[in-house]
Amino acid sequence: MSVHKDVKRITTHTLQEMKNRGEKIAMLTAYDYSMAAIVDAAGMDVILVGDSASNVMAGHETTLPITLDQMIYHASAVVRAARRALIVVDLPFGTYQGNSKEALASAIRIMKESGAHAVKLEGGIEIAESVSRILTAGIPVMGHLGLTPQSIYKFGTYTVRAKEDAEAQKLREDALKLQELGCFGIVLEKIPAALAKTVSESLVIPTIGIGAGQFCDGQVLVIHDMLGINKGFKPRFLRQYADLADVMNNAISNYVTDVKAKDFPNEKEQY
Ligand SMILES: Nc1nc(=O)c2c([nH]1)NC[C@@H]1CN(c3ccc(C(=O)N[C@@H](CCC(=O)O)C(=O)O)cc3)CN21
Ligand SMILES: CC(C)C(=O)C(=O)O
Ligand SMILES: [Mg+2]
């Protein structure tokens with residue numbers, strides 16, 4: 001018998017049971033050990049190691065530059081911290097589109113080298129072959145429809161998607177296709193709440209919304225945005241739960257002041 005307290009791990013089946021009984025799913029990003037430990041202890045159901053690491057960790061303008069090696073580095077740190085949450089990792093741009101064998105190889109590297117539990121891919125019918133092939137290896141796959149940031153140069157803006165009938169109809173078909181292929185859930189990003197509602201009701205598997213309204217089966221945000229660390233980013237869908245940039249700036253500038261004033265370290269803080 002193990003002596004330490006074991007926490008029951010959330011699985012893809014847990015998420016399905018949550019949807020079945022109408023319990024909402026809480027998901028948040030994390031990219032490193034210390035943050036993931038806090039997120040996990042706070043009761044998060046799913047931790048997403050998002051390719052938004054490209055933005056908030058590395059300072060890139062888009063998610064396109066982040067590499068598979070870099071995603072594995074972030075994911076492995078999160079895996080070492082999280083005991084309860086299901087850990088989902090974004091397959092980065094260029095590691096799955098248009099080549100299902102490469103997609104499987106990328107997903108296997110993530111599972112083998114990070115210890116995460118599932119992968120997420122952006123797109124619908126266009127990537128069906130990649131999704132299927134990854135699933136044949138027993139790797140759980142999450143879909144991602146609506147605003148798909150890896151295709152930003154195709155669309156040109158981060159505005160709301162699927163407002164027109166044709167795009168909404170394609171999204172409905174893509175969602176059903178992803179479910180039929182065997183995805184355990186789908187992220188819906190920045191689409192009208194009414195569309196997200198009908199999609200969520202038509203699917204058996206859970207939907208996780210970001211800027212997709214109150215009728216999704218769960219919600220996801222980028223942690224730096226909701227903690228107020230990433231100050232410039234204030235889209236309408238974001239609720240900011242803290243002002244950590246202010247808290248941190250205050251602490252750090254106090255430290256600078258104390259060092260300059262020869263106040264730190266004092267007699268008690270030395271050997
Ligand atoms: N920090 C961060 N947060 C995110 O939510 C996030 C990332 N990075 N990187 C990857 C994608 C990109 N995402 C985005 C990016 C922009 C908007 C957005 O709504 N931006 C502006 C302008 C939109 C417009 O052109 O109308 C906004 O104010 O709404 C939303 C989601 C979501 N993801
Ligand atoms: C915004 C979420 C859904 C994401 O894909 C990311 O953080 O990379
Ligand atoms: Mg992403």
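Small disclaimer: the values here were computed from a predicted structure and weren't measured.

Engineer: How do you make sense of the coordination of the magnesium ion (ligand 3) when you look at a structure like this?
Structural biologist: Under perfect tetrahedral coordination by four donors, a metal shows angles of 109.5 degrees; under perfect octahedral coordination by six donors, it shows angles of 90 or 180 degrees. The protein atoms that coordinate the magnesium ion (ligand 3) are Asp51 (OD) and Asp90 (OD), at distances of 2.2 Å. Separated by 39 residues along the polypeptide, aspartate 51 in the loop between strand E2 (46-49) and helix H3 (53-56) and aspartate 90 in strand E3 (residues 86-90) bring together distant segments of the chain. Judged by relative accessible area, which is 4%, aspartate 51 ranks as buried.

Engineer: What should I look at first to understand unusual backbone geometry in this one?
Structural biologist: Most peptide bonds take the trans configuration, and most residues that are not glycine carry a negative phi. The peptide bond linking phenylalanine 264 to proline 265 adopts the cis configuration, its omega dihedral lying at -5 degrees. Take proline 265: it is sitting in the segment after helix H11 (244-260). The backbone of alanine 162 sits at a positive phi, close to 60 degrees, despite the residue not being glycine. Mapped onto the elements of the fold, alanine 162 is located in the loop between helix H7 (152-155) and helix H8 (165-181). Among the residues examined, alanine 162 registers a relative accessible area of 3% and is labelled buried. Unusually for a residue other than glycine, lysine 262 sits at a positive phi of about 60 degrees.

Engineer: Please explain the UniProt feature "active site" (unreviewed entry) in the protein chain as it appears in this structure.
Structural biologist: In the UniProt entry, the feature "active site" (unreviewed entry) is given for Glu189. Take glutamate 189: its relative accessible area is 13%, and that puts it in the buried class. Beyond its immediate chain neighbours, meaning those up to four positions away, glutamate 189 contacts His144, Leu145, Gly146, Leu147, Pro149 and Ile210.

Engineer: Can you walk me through the site of ligand 1 in this structure?
Structural biologist: Around ligand 1, 17 residues are found, and the nearest of them are Asn55, Thr159, Glu189, Lys190 and Asp225. Between ligand 1 and the protein, one listed contact pairs a nitrogen atom with a side-chain N or O atom of asparagine 55 at 2.8 Å. Contact distances for ligand 1 include 2.6 Å between a nitrogen atom and a side-chain N or O atom of aspartate 225. Residue composition of the shell around ligand 1, by class: nine nonpolar, five polar and three charged.

Engineer: How should I be thinking about the site of ligand 2 in this particular structure?
Structural biologist: The full set of residues close to ligand 2 is Thr29, Leu48, Gly50, Asp51, Ser52, Asp90, Lys120, His144, Val187, Ile210 and Val222. Between an oxygen atom of ligand 2 and a side-chain N or O atom of lysine 120, the distance comes to 2.8 Å. Protein coverage of the free-state accessible area of ligand 2, which is 260 Å², stands at 94%. Residue composition of the shell around ligand 2, grouped by class: four nonpolar, four polar and three charged.

Engineer: Mind showing me how you'd approach the pairing of strand E1 (residues 25-29) here?
Structural biologist: Consecutive residues of a regular strand have side chains that alternate between opposite faces of the sheet. Within E1, four of the five residues are buried, which leaves the element mostly enclosed by the surrounding structure. The pairing of E1 with E2 spans three bridges and is parallel. Considered in E2, the bridge of threonine 29 is made with leucine 48. Handedness of the β-α-β unit built from E1, helix H2 (residues 33-41) and E2 comes out right-handed.

Engineer: What is the right way to read a negative patch on the surface from this model?
Structural biologist: Taken together, the side chains of Asp258, Asp263, Glu267 and Glu269 present a region of like negative charge at the surface. Tracing the sequence through the fold places glutamate 269 in the segment after H11.

Engineer: I would appreciate a short explanation of the UniProt feature "binding site: Mg(2+)" (unreviewed entry) in the protein chain in the present structure.
Structural biologist: Sequence positions flagged by UniProt for "binding site: Mg(2+)" (unreviewed entry) are, in local numbering, Asp51, Asp90 and Glu122. In terms of the greatest pairwise C-alpha distance, the residues named above, spread along 72 residues, form a tight cluster of at most 10.9 Å across. The class for aspartate 90 is buried, based on a relative accessible area of 3%. Residues in contact with aspartate 90, not counting those within four places in the same chain, are Leu48, Val49, Gly50, Asp51, Met71, Ile110 and Lys120.

Engineer: I'm lost on the packing of aromatic side chains in this one. Help?
Structural biologist: Throughout the structure, instances matching the rule amount to two aromatic pairs. When the centroid spacing of 6.3 Å and the interplanar angle of 70 degrees are considered together, the rings of phenylalanine 233 and phenylalanine 237 count as edge-to-face. Phenylalanine 237 gets classed as partly exposed once you look at its relative accessible area, which sits at 26%. The cationic tip of arginine 161 hangs over the ring face of phenylalanine 155; the distance from NZ or CZ to the ring centre is 4.2 Å. Here the basic side chain of lysine 197 rests over the ring of phenylalanine 215, its NZ or CZ set 5.3 Å away from the ring centre.

Rules used in this analysis
- Residues numbered from 1 in each chain as written.
- Chains lettered and ligands numbered in written order.
- Predicted model: local features only at pLDDT ≥ 70, side-chain atom pairs only at ≥ 80, totals over all residues.
- Heavy atoms only, no water.
- Donors = N, O, S within 2.8 Å, 3.2 Å for Na, K, Ca; no water.
- Helix = DSSP H or I, 4+ residues; strand = E, 2+ residues; numbered from the N terminus.
- Buried < 20%, exposed > 50% of the residue type's maximum accessible area, 1.4 Å probe, protein only.
- UniProt positions renumbered as here; feature names shortened; annotations may be inferred.
- Contact = heavy atoms within 4.5 Å.
- Near = heavy atom within 4 Å.
- Polar contact = N/O pair within 3.5 Å; in protein donor to acceptor, adjacent residues only side chain to side chain.
- Nonpolar A, V, L, I, M, F, W, Y, C, P; charged D, E, K, R; others polar.
- Areas by Shrake-Rupley, 256 points an atom, 1.4 Å probe, with all protein chains shown as cover.
- Pairing = 2+ DSSP bridges.
- Right-handed = clockwise from strand over helix to strand, strands pointing away.
- Patch = residues over 30% accessible without salt bridge, like charges linked within 9 Å, V, L, I, M, F, W, Y side chains within 5 Å.
- Salt bridge = Lys/Arg side-chain N within 4 Å of Asp/Glu carboxyl O.
- Lys, Arg positive; Asp, Glu negative; His and termini not counted.
- Charge placed at Lys NZ, Arg CZ, Asp CG, Glu CD.
- Phe/Tyr/Trp six-rings, centres within 6.5 Å; stacked < 30°, edge-to-face > 60°.
- Lys NZ or Arg CZ within 6 Å of the ring centre and 35° of its normal.

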